[in-house]
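Structural overview for review
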Amino acid sequence: MMEKHVVVIYPHPDDESFGAAGTIINYREQGVPVTYLCGTLGEMGRNMGAPPFANRETLSKIRKKELVDACSELDVDLRMLGYRDKTLEFEDRRGVAELLKGILEEIRPSLVITHYPDYAVHPDHDAMGAAAIEAVRMMDPKSRPTVWAQAISNDHLEELGRPDIVNDVRPFFDKKMNAILCHKSQASGILGQFQENWATDDMKEAAKKQLGKEAFYIWHFRE
Ligand SMILES: [Zn+2]
């Protein structure tokens, strides 16, 4: 389906590149505008290198620059929401939802992509996903965008069943990797993920297996 405008809502710089870059690139190639609402600057990330290349203050600057670069690679409009990393779960959900609702009513997207609350591994992911879904729920049902929720926990298939949307993003894989690699401060973690496959496969193939599909559940609002 041709979307009018897609809004992606995740808490961290790099969530967009790992989670939805292929889907985003596909939309941009169709000329669909995409906006990324990024909750934090990931300044509490544990990855500061050995020896450390950053402290908490410089890490937020570094990750902000990486985020801007990745969004320019993905050709998306970026809005930074300015919450503090690792504290989103303690923010008043209603307050975050109100803020998001205001932005959504301004942009009027046809599709919102976010994390699936309780199946997104990191408390910030769960909190941001819950707030995004709450924001859409608070909208007039006639003008609500469709919501695609991304589950990443190991148990999600067992608990939620098969995802409704499975995008094969291998045609956009090189561009997706370029976006991921903009997040250089996170790169050692990224490479580490594929190290177990190192002996049997080359890294690109291993990465393709893990990152070549982007899956989402369509959120159903009961009221
Ligand atoms: Zn994240």
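Rules used in this analysis
- Residues numbered from 1 in each chain as written.
- Predicted model: local features only at pLDDT ≥ 70, side-chain atom pairs only at ≥ 80, totals over all residues.
- Heavy atoms only, no water.
- Salt bridge = Lys/Arg side-chain N within 4 Å of Asp/Glu carboxyl O.
- Helix = DSSP H or I, 4+ residues; strand = E, 2+ residues; numbered from the N terminus.
- Buried < 20%, exposed > 50% of the residue type's maximum accessible area, 1.4 Å probe, protein only.
- Pairing = 2+ DSSP bridges.
- Right-handed = clockwise from strand over helix to strand, strands pointing away.
- Phe/Tyr/Trp six-rings, centres within 6.5 Å; stacked < 30°, edge-to-face > 60°.
- Axes fitted to C-alpha atoms, helices over the stretch in contact; angles between N-to-C directions.
- Parallel < 35°, antiparallel > 145°, perpendicular 65-115°, else oblique.
- Left-handed = near helix turned anticlockwise from the far one by under 90°.
- Contact = heavy atoms within 4.5 Å.
- 1 Å grid on protein atoms, 1.4 Å probe; cavity = no way out; pocket = protein on both sides within 12 Å on 5 of 7 lines; lining within 4 Å.
- Points joined across faces, edges and corners; volume = space filled by probe spheres on them.
- Donors = N, O, S within 2.8 Å, 3.2 Å for Na, K, Ca; no water.
- Tetrahedral: all angles 85-135°; square planar, octahedral: opposite > 155°, others 65-115°.

Some thoughts on the pattern of salt bridges
Working definition: two side chains of opposite charge can pair if their charged atoms are close together. The full count for this structure, using the stated rule, is eleven salt bridges. Here Asp69 and Lys65 are joined by a salt bridge, their closest N and O atoms 2.8 Å apart. Taken together, the residues Asp69 and Lys65, both in helix H2 (residues 56–74) and four residues apart, mark about one turn of the helix. Two residues, Lys101 and Glu105, come together in a salt bridge whose shortest N-O distance is 3.4 Å. Taken together, the residues span about one helical turn, with Lys101 and Glu105 both in helix H3 (residues 93–107) at a distance of four residues. Judged by relative accessible area, Lys101 falls into the buried class, the value being 19%.

Things to note about the pairing of strand E5 (residues 146–150)
The element E5 is extensively covered by neighbouring structure, given that four of its five residues are classed as buried. Inspection of the sheet shows strand E4 (residues 111–115) paired to E5 by five bridges, in the parallel sense. Looking across to E5, one finds that His115 is bridged to Gln150. For the crossover that starts at E4, traverses helix H4 (residues 123–137) and ends in the parallel E5, the hand is right-handed.

Quick look at the packing of aromatic side chains
What the rule picks out here adds up to five aromatic pairs. Note on Tyr116 and Trp219: the rings are 5.0 Å apart at their centroids and 65° apart in plane angle, and the pair reads as edge-to-face. Of the two residues, Tyr116 sits in the loop between E4 and H4 while Trp219 sits in the segment after strand E7 (213–218), which places them 103 residues apart along the sequence. Judged by relative accessible area, which is 15%, Tyr116 ranks as buried. A relative accessible area of 25% places Trp219 in the partly exposed class.

Some details on the packing of helix H1 (residues 15–29) against helix H6 (residues 173–182)
Running from amino to carboxyl end, H1 crosses H6 at an angle of 140°, the nearest separation of the two axes being 9 Å. When the axes of H1 and H6 are compared, the pair comes out oblique. Read as a crossing pair, H1 and H6 show a hand that is right-handed. On H6, the residues that touch Ser17, Phe18, Ala21, Gly22 and Ile25 of H1 are Lys175, Lys176, Ala179 and Ile180.

Structural notes on unusual backbone geometry
The backbone of Asp75 sits at a positive phi, close to 60°, despite the residue not being glycine. Along the chain, the position of Asp75 falls in the loop between H2 and strand E3 (77–80). Positive phi is not limited to glycine here, since Lys86 has a value of about 65°. By the secondary structure assignment, Lys86 is in the loop between E3 and H3.

Let's talk about the side chain of Ser110
Positionally, Ser110 belongs in the loop between H3 and E4. Owing to a relative accessible area of 16%, Ser110 belongs among the buried residues under this scheme.

Describing the layout of surface pockets
Approximately 300 Å³ is the volume attributed to the second largest pocket. Taken together, twelve residues form the lining of the second largest pocket, with Ile133, Arg137, Trp219, His220 and Arg222 sitting closest to its centre. The leading source of residues in the lining of the second largest pocket is H4, at four residues.

Quick notes on the coordination of the zinc ion
For a metal with four tetrahedral donors the ideal donor-metal-donor angle is 109.5 degrees, whereas six octahedral donors ideally subtend 90 or 180 degrees. Protein-derived coordination of the zinc ion comes from His12 (ND1), Asp15 (OD), Asp15 (OD) and His125 (NE2), at a distance range of 2.0 to 2.7 Å. Taken together, the four donor atoms surrounding the zinc ion define angles of 53 to 132° at the centre, an arrangement classified as irregular. Written as a sequence motif, the donor residues of the zinc ion are H-x2-D-x109-H. The residues His12 and Asp15 share a single accessibility class, namely buried.

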